[in-house]
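The chain contents come next:
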Amino acid sequence: SILQYEARTSHAYLVNGVGNKSEGVKNIIKQNKLPSNNLSMLDIGGGIGALLVELILDPNSPISSGVVRDHSSLYQKIYNNLVEYYSEFLENRIEFSLGDAKEFKTKEKYDIITIFGTLLYLRKDLKGALENAWEKLKLNGILIIHENIKNQNYISDYSKMFAASELDEVLCPFGKITYFYESFVFPIPRFFVKNRTVFRVIKKIHWIEKILCYQIV
């Protein structure tokens, strides 16, 4: 449809840089020893909601409900069509929240928060957007970030993209970063990451645990 074409072509970075990440998310959940069912998820910058819809529909996924947060009313229209098609399975399990990442207000807390291919568009107040997301994360929940590392192949978005070291610096205040490569089951060491595009995962632990963790390191 015209709507789908416009959504796909409006952000080449989003379409070509993110792709299908559901298997990676499921593996990260498993490796972090979260419960195997009834988990909630917030997908910030989630576009049409494809990732969250797939995870909820997947019988092997622990995600049972969630919210897609995105600023695009165009994506919201496509999301509505998608959810209507699968309404028998998605009723009362997923919703779309229209608006900016920083302005998302809710009393709900989530087990998993994903931010894929979105941080580069939040540079005006990156700290505020991340702090708002972190506040919505449950204790022992996980924040999963996936950003394509700065590459001249992305002509239109090159100036906004992150170098690997810059992205780590932005995320470091929230806790220890664990790295997952898409095709690997287990975490990979930082020295192997270099400039590769990987999942960056931070688990929200109690402040006392965080102090002990840094003392051990």
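Residues numbered from 1 in each chain as written. Predicted model: local features only at pLDDT ≥ 70, side-chain atom pairs only at ≥ 80, totals over all residues. Heavy atoms only, no water.

Caption draft 1: Main features of the pattern of salt bridges. In this structure the tally under the stated criterion is 12 salt bridges. A salt bridge links Lys-160 to Asp-157, with the shortest nitrogen-to-oxygen separation between them at 3.2 Å. Via salt bridges that share partners, Glu-23, Lys-26 and Asp-58 belong to a single interconnected network. (Salt bridge = Lys/Arg side-chain N within 4 Å of Asp/Glu carboxyl O.)

Caption draft 2: Focus on the pairing of strand S5 (residues 137–146). Summarising burial for S5: 7 of the 10 residues are buried, a large majority. Inspection of the sheet shows strand S4 (residues 110–116) paired to S5 by 6 bridges, in the parallel sense. If you follow Phe-116 over to S5, its bridge partner there is His-146. The parallel pair S4 and S5 is bridged by helix H7 (residues 126–135), and the resulting crossover is right-handed. Of the pairings in the sheet, the one linking S5 to strand S7 (residues 199–203) comprises 5 bridges and is antiparallel in character. Opposite Ile-145, over in S7, you have Arg-200 as the bridge partner. (Buried < 20%, exposed > 50% of the residue type's maximum accessible area, 1.4 Å probe, protein only. Helix = DSSP H or I, 4+ residues; strand = E, 2+ residues; numbered from the N terminus. Pairing = 2+ DSSP bridges. Right-handed = clockwise from strand over helix to strand, strands pointing away.)

Caption draft 3: Up close: the confidence of the model for the protein chain. Across the protein chain, the average pLDDT comes to 86, with 86% of residues at or above 70. Residue range residues 1–19 is modelled with pLDDT below 50. Its contacts to residues more than four positions away, or to other chains, number 32 contacts. pLDDT under 50 marks residues 211–217. Its contacts with residues more than four places away, or in other chains, come to 4 contacts. (pLDDT = per-residue confidence, 0-100. Contact = heavy atoms within 4.5 Å.)

Caption draft 4: Layout of helix H5 (residues 73–85). In this model H5 runs 19 Å from its N-terminal to its C-terminal C-alpha over 13 residues, within 8% of the 18 Å that 1.5 Å per residue would give. Buried within H5 are the following residues: Leu-74, Tyr-75, Ile-78, Tyr-79 and Val-83. Buried residues in H5, looked at end-on, bunch into an arc of 160°, giving them a common side. One side-chain oxygen of the residue at the start of H5 lies 3.3 Å from the amide nitrogen of Leu-74, identifying that residue as Ser-72. (Expected span 1.5 Å × (residues − 1). Arc of directions from axis to C-beta. Polar contact = N/O pair within 3.5 Å; in protein donor to acceptor, adjacent residues only side chain to side chain.)

Caption draft 5: Geometry of the sheet that holds S5. Strand order across the open sheet formed by 7 strands is S3-S2-S1-S4-S5-S7-S6, with mixed pairing between neighbours. The open sheet has two edge strands, strand S3 (94–98) and strand S6 (177–180), and neither has a second partner. The average angle at which neighbouring strand axes cross in this sheet is 20°, direction not considered. Here 5 bridges tie strand S2 (residues 63–70) to S3, and the two strands are oriented parallel to one another. From the neighbouring strand, Asp-70 faces S3, where its bridge partner is Leu-98. Sheet strands in contact with H5 are S2 and S3, and its direction is about 170° off that of S3. Relative to S5, H7 is tilted by about 140°, and along the sheet it contacts strand S1 (39–44), S4, S5 and S7. (Axes fitted to C-alpha atoms, helices over the stretch in contact; angles between N-to-C directions.)

Caption draft 6: Structural detail: the nonpolar core. Core analysis: the biggest nonpolar cluster contains 32 residues, and Ile-113, Ile-115 and Leu-119 have the highest contact counts within it. Where this core is concerned, the elements lending two or more residues are S1, S4, H7, S5, helix H8 (164–171) and S6. Among the elements that make up this core, the one with the highest residue count is H7 (5 residues). Ignoring any residue separated from it by four or fewer positions in sequence, one finds Ile-113 in contact with Leu-42, Ile-44, Ala-133, Lys-136, Leu-137, Ile-142, Leu-143 and Ile-144. The next biggest cluster of nonpolar side chains, apart from the first, holds 25 residues, and it includes Ile-28, Leu-34, Ile-63 and Ile-144. (Core = buried A, V, L, I, M, F, W, Y, C linked by side-chain atoms within 4.5 Å.)

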